[in-house]
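A structural walkthrough
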Amino acid sequence: MFSYLFTFRSQTAAQSGRRILYEAGLWTQLRRAPQEVSSLGCAWAVRVPAADGLRAAALLRAALRPISGVYRLHPNGYLEEAAL
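The following paragraphs examine the structure supplied in this document. Quantities reported herein were computed from a predicted structural model and do not represent experimental measurements. (Residues numbered from 1 in each chain as written. Predicted model: local features only at pLDDT ≥ 70, side-chain atom pairs only at ≥ 80, totals over all residues. Heavy atoms only, no water.)

1. Digging into unusual backbone geometry
Worth spelling out the cut-off: We count a stretch as a helix when DSSP gives it H or I for four or more residues in a row; a strand needs E for two or more, and each element gets its number in order from the N terminus. Here's how the labels work: a residue is buried when its accessible area is under 20% of the maximum for its type, exposed when over 50%, partly exposed in between, all with a 1.4 Å probe on protein chains only.
The backbone of Leu64 shows a phi angle near 60°, a positive value even though the residue is not glycine. Tracing the chain through its elements places Leu64 in the loop between helix H2 (53–62) and strand S4 (69–73). With a relative accessible area of 71%, Leu64 lands in the exposed category.

Pasting the structure below:
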């Protein structure tokens, strides 16, 4: 099963996004964004399970968090852009 990566331009923005999701009861993982999706250099990502993707997107948008992108991360490491 895949998971979703929400990317952010800074570590601080990603930490803030992760905190919002964690406080809503979602499992999250903060990590560096893969190099292929961080075109502006160092980017950070918050990973959530596929089942929580829509809820996570809604929570981040409601909190006005600056999401750079959303990607599906497959178990084999394949990334694809997602629209949530």
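The discussion continues.
2. Some words on the side chain of Thr28
To be explicit about the condition: Distance and chemistry together define a polar contact, namely a pair of N or O atoms within 3.5 Å, with one atom able to donate a hydrogen and the other to accept it when in protein, and with adjacent residues in sequence counting only for side-chain atoms on both sides. Note on contacts: a residue pair is in contact if any heavy atoms of the two residues lie within 4.5 Å.
Topologically, Thr28 is positioned in the loop between helix H1 (11–23) and strand S2 (29–32). Relative accessible area serves as the criterion here: at 8%, Thr28 is assigned to the buried category. Reaching out from Thr28, the side chain makes a polar contact with the side chain of Arg18 at a distance of 3.3 Å. Discounting chain neighbours no more than four positions away, the residues touching Thr28 are Arg18, Leu21, Tyr22, Val46, Arg47 and Val48.

3. Quick word on the packing of aromatic side chains
For any pair of aromatic rings, the description rests on two quantities: the centre-to-centre distance and the angle between the ring planes. Worth spelling out the cut-off: Aromatic pairs are defined between Phe, Tyr and Trp rings, using the six-membered ring for Trp, whenever the two ring centres lie within 6.5 Å; interplanar angles under 30 degrees are classed as stacked, those over 60 as edge-to-face, and all others as tilted. Placement of a positive charge over a ring is assigned whenever Lys NZ or Arg CZ falls within 6 Å of the ring centre and within 35 degrees of the normal to the ring plane.
Here the structure, examined in full by the defined rule, presents 1 aromatic pair. The ring of Phe2 is capped by Arg72, whose NZ or CZ atom sits 5.7 Å from the centre of that ring.

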